[in-house]
Amino acid sequence: MAVLGDLLVFVSDEELLALEPASGAEAWSIPLGDRPDCGPTGYPGRSDLATASVVCLQGAPEEREVVVVGPDGAVSGPRTLDPADTRRYGAARPGPDGTVLRARRVGDISAVDLGDAVCSPAGDCSGTVESGREIMLRAEDAVTGAERWSVTAPFVATPAGECNPWQAGAWGDVSDPGGGDPLQPDAFGARIGGDLVDLHGCGANASVTPDGELLPRAAAPGASGIIGLSTGGYLASGYDSTTDTVVYTAAGEVLETVAGYAVEADVVDGSGLLLSWDEEAPGVHAYEPDGTPRWDAREPDAFQFAAEVGETAVVLAAGGEVRGLDVATGDRRWTLDIASGSDGESDDRFLFQAFTDGRHALLLLHNETGRFDLVSLDAVSGDLAWDVPIADVLGPVQDASLVAVGGRLLAVTQGSVRGLG
């Protein structure tokens, strides 16, 4: 699914549908051909769903067409993709900013050095693949077919588990270079969002902006990632506090390197404050969006940055506490104990998604047993509004994802969309 303007857009029964979030009414629909593939799309709580346009591929492999759909449902004339381009540049996928993306491995197979990497038939892997072939990523204008940019991502020494095809995925219709071998040094895929193309797989350790700027990650493949910021830049960080975080501008230029694991809040209604957790300096460390230090706070057990709402940074801490920190100084403004949970049992709960109306923070939390709860609190005072199991809100539906569109909160399942307020 995607958020196109103020509409929720998704593919259903070979149509691209757009829904009004306030009423659930169909704003428009676009008929699609065989095997439709539209994007960039994402998953609520896991990626940014916003996009300026939706690119849709349709038709059989040798007769594939592409159209671009704008926020008002206007559709470009279909362009037939040249099969020769698929052979030359790789399979086509919908890209950001009205592009079609293609990618393939380049270079001689002699560049591959498996090192001490081994994988069992079941896919259990150990060791490191030392070198391999590069990935060439190409963006072409979806309407005209003209090349906008191309970049080549170098191969980086990679844990063997990232070279397992079940872990790495595939790019489009890329052939299986290993003939079923669980160790495939050419295996790679990508998560394509409106603000970033995130390459993953064997030796893939970079992301690419919609303008074609290559952003290297901060740690080894599989141990780091890059996220887009509300201010338009990017963060490259490891998944623990032992790796420094690199702050990039929207143009892909390095602004600063921040110690430890730095993140922006899950939902931002403020300045775009960055919080960092550093193994060498316990506590919470705040930075401006450009990486300039702002303050340090003695909050050694705080571990998730849920929301920045006005002048309050809402963080989760071990032991079942939610805390409000002053955005300007780091002083603790309030503490809310939610350890008991909706079932009355004491446990740690972890952030899955967060939302705000500019005053309140709505947190979707889960615990180690898999239970999900919705917690609403006043970000200014720290007062709890309510804390309920998600089943009390959604009924028997347990696989719903929440998404905010046009100021409305929607619950989306595989077969339905439901307005919550």
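Residues numbered from 1 in each chain as written. Predicted model: local features only at pLDDT ≥ 70, side-chain atom pairs only at ≥ 80, totals over all residues. Heavy atoms only, no water.

Caption draft 1: Structural detail: the nonpolar core. One finds V314, V322, L351, L363, L365 and L377 to be the most contacted residues of the largest nonpolar core, which totals 18 residues. Every residue in contact with V322, bar those within four places of it in the chain, is listed here: V314, V315, W334, T335, L336, I338 and L377. Formed by 17 residues, the second largest nonpolar core is a distinct cluster that contains F188, I192, L199 and V208. (Core = buried A, V, L, I, M, F, W, Y, C linked by side-chain atoms within 4.5 Å. Buried < 20%, exposed > 50% of the residue type's maximum accessible area, 1.4 Å probe, protein only. Contact = heavy atoms within 4.5 Å.)

Caption draft 2: Examining the pairing of strand β8 (residues 65–69) more closely. With four of its five residues buried, β8 lies for the most part within the structure. Examined bridge by bridge, strand β7 (residues 54–58) and β8 share five bridges and lie antiparallel to one another. Bridge pairing links V54 to V69 in β8. Here β7 folds back onto β8 in antiparallel fashion, the turn holding six residues, of which G59 has a positive phi close to 100°. Across two bridges, the pairing between β8 and strand β9 (residues 79–80) is antiparallel. Bridging from a neighbouring strand, V66 pairs with R79 of β9. (Helix = DSSP H or I, 4+ residues; strand = E, 2+ residues; numbered from the N terminus. Pairing = 2+ DSSP bridges.)

Caption draft 3: How the structure looks around the environment of P300. Here P300 lies in the loop between β30 (293–297) and β31 (302–309). By relative accessible area, P300 is classed as exposed at 64%. In this structure, the C-alpha to C-alpha distance between P300 and A265, residues 35 residues apart in sequence, is 18 Å.

Caption draft 4: Broad picture of the pairing of strand β40 (residues 408–412). By the criterion of burial, β40 is predominantly enclosed, with four of the five residues buried. The pairing of strand β39 (residues 401–405) with β40 spans five bridges and is classified as antiparallel. When the sheet's bridge partners are listed, V405 is paired in β40 with R408. The antiparallel pairing of β39 with β40 creates a hairpin that spans two residues between the two strands, and G406 there sits at a positive phi of about 55°. Judged from the three bridges that link them, β40 and strand β41 (residues 417–419) form a sheet pairing that is antiparallel. The residue bridging A411 from the neighbouring strand is R418, located in β41. Here β40 folds back onto β41, and the loop between the two strands holds four residues.

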